[in-house]
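# Observations on the model geometry
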Amino acid sequence: MSTSHGTKIGLMTATIIGMNAMIGSGIFTAPAAIASYVGPAGIIAYIFVVLSVWCMALSLARLAELFPESGSFYTYTRQWGGHAVGLVASGLYIFGLVVAMGLLCQVAGMYLASLFPTVSPTLLGLIVLASLVALNLFGVALSELGQQILIVTTVFPILAIIGLCLTHAQWSNLFPFAPFGFGNVLKATKIVIFGFFGYECAASLFNVVENPGKNVPKALTYSIAIVGILYSAFIASIILATPLDLFQNPCVPLSDVLGIVFPQYEWLLVIIHLAILSAIVGTIHSMIWSSSALLLSLARTIDRRLTHVASSENLTFHRAAVLVISAGITTTFALISNLNLFFSLTAMCIIAAQILSLITLLKRPEEWRSGQNIITAIGICTAITIFYFAAEGITDVVCTA
């Protein structure tokens, strides 16, 4: 991203871009899951994930600096694994995004069902998906104003809920601190990291930032720290104000749970509910657009002939990519109903793609000499931990099915 005059962006703008890439509607699915599986100790899972995300983000930024050509995960992984492993990494990443969008479509249906109680949440979710796919097929991307509205509708309910819950905070709600055991803290990392996905896009800023060697690591550090603090305060405030037994059903909208605790603020909770719904719908729309563009970019990287097609054919190829992505979303939406399985599949696929990419740095001697690979090794180790518990979550679902 550059200005109309070709100048590059500064540290503050890069930090904001990093925050925008991470802050998404996924955070609104976390409180119920955290409360159901971990309890107040979930805050420890956030600290662990922030460390992991920071190390991986800095390492992915280094890869973007070394290999600035398009293709991202395919390009990075191909350096050591060749064409086939590069395709696996890219495929895992795109599939992870598809699963995440299937979850968000279900959540959108759940929030809409509170407004239209006579209509099935599943049908409402499908209507949302069909509408957003239609917009993408006609090339309707979110404008700059739309992106600004999206970040406002995401940040507003987070800040409003923090403020509201802190007025009703009770320290007794922190105990027992780990009602399900401390072993569940690491298991919760697959849920926590769902709200941070997007940082991998923010890592690719080297071509657009002034003094990138200095400012990109700073921007990533600042944006991850700010988002980490915001998310941690969000979860902590809800835990302090809301008894855990209200989250027995993780599929109940967060605004409905808060309505039990704050019946006197019904008007504010309606606004929060609508803002969360807007954030979810806007996020799905953006993700369909970006994942379709990523799929098309991957196809062009693999087959260079696609880079020379006419603009009219570009639109045709983009529509084809949208249809492929939408078919995947519809499949995950229809086949997966278990919340834990959604979180586990998304985390496992996206984390696996990132680990495969980071191996490239481990195979470069100069990265060891510079000390960069200390950060990379920490990032990979923490990522493997998250991957392990995500895979365990899938095994648990299969065994109990």
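In this report, the structure presented in the accompanying data block is examined. (Residues numbered from 1 in each chain as written. Predicted model: local features only at pLDDT ≥ 70, side-chain atom pairs only at ≥ 80, totals over all residues. Heavy atoms only, no water.)

## A word on empty space enclosed by the protein
According to the stated counting rule, one finds two cavities of 30 Å³ or more in the structure shown. When its volume is computed, the largest cavity comes out at roughly 50 Å³. Looking at the lining of the largest cavity, the elements that each hand over two or more residues are helix 2 (30-37) and helix 10 (212-241). When the residues that make up the lining of the largest cavity are grouped by side-chain class, the tally is eight nonpolar, one polar and no charged. (1 Å grid on protein atoms, 1.4 Å probe; cavity = no way out; pocket = protein on both sides within 12 Å on 5 of 7 lines; lining within 4 Å. Points joined across faces, edges and corners; volume = space filled by probe spheres on them. Helix = DSSP H or I, 4+ residues; strand = E, 2+ residues; numbered from the N terminus. Nonpolar A, V, L, I, M, F, W, Y, C, P; charged D, E, K, R; others polar.)

## Describing the pattern of salt bridges
Going through the model one piece at a time under the given rule, you end up with four salt bridges. We note a salt bridge from glutamate 392 to lysine 187, for which the minimum N-O separation is 3.9 Å. You can see glutamate 392 sitting in helix 16 (residues 372-400) and its partner lysine 187 sitting in helix 7 (residues 183-187), a full 205 residues away along the chain. For the salt bridge of arginine 364 with glutamate 366, the shortest nitrogen-to-oxygen distance reads 2.7 Å. For glutamate 366, a relative accessible area of 29% translates into the label partly exposed. Taken together, the salt bridges that share partners define one network made up of Arg62, Glu65 and Glu367. (Salt bridge = Lys/Arg side-chain N within 4 Å of Asp/Glu carboxyl O. Buried < 20%, exposed > 50% of the residue type's maximum accessible area, 1.4 Å probe, protein only.)

## Observations regarding the side chain of glutamate 200
By secondary structure assignment, the location of glutamate 200 is in helix 9 (residues 199-202). Here the side chain of glutamate 200 touches tyrosine 93 through a polar contact of 2.7 Å, side chain to side chain. At a separation of 3.0 Å, a polar atom in the side chain of glutamate 200 contacts the main-chain amide nitrogen of glycine 198. Ignoring any residue separated from it by four or fewer positions in sequence, one finds glutamate 200 in contact with Leu60, Phe73, Tyr93 and Gln354. (Polar contact = N/O pair within 3.5 Å; in protein donor to acceptor, adjacent residues only side chain to side chain. Contact = heavy atoms within 4.5 Å.)

## What to know about the packing of aromatic side chains
With the rule as written, the count across this model stands at seven aromatic pairs. Geometrically, the ring pair formed by phenylalanine 262 and tyrosine 265 is tilted, given 6.3 Å between the ring centres and 55 degrees between the ring planes. Taking the relative accessible area as the measure of exposure, phenylalanine 262 reaches 1% and is therefore buried. Judged by relative accessible area, tyrosine 265 falls into the partly exposed class, the value being 30%. Where tyrosine 388 meets phenylalanine 389, the ring centres are 5.1 Å apart and the plane angle is 85 degrees; that geometry is what we call edge-to-face. (Phe/Tyr/Trp six-rings, centres within 6.5 Å; stacked < 30°, edge-to-face > 60°.)

## Brief notes about the side chain of serine 344
Tracing the chain through its elements places serine 344 in helix 14 (residues 339-362). A polar side-chain atom of serine 344 sits 3.4 Å from the main-chain carbonyl oxygen of alanine 390. Among residues more than four places away in sequence, those in contact with serine 344 are Lys190, Ala390, Gly393 and Ile394.

So yeah, pure geometry; function would need other evidence.
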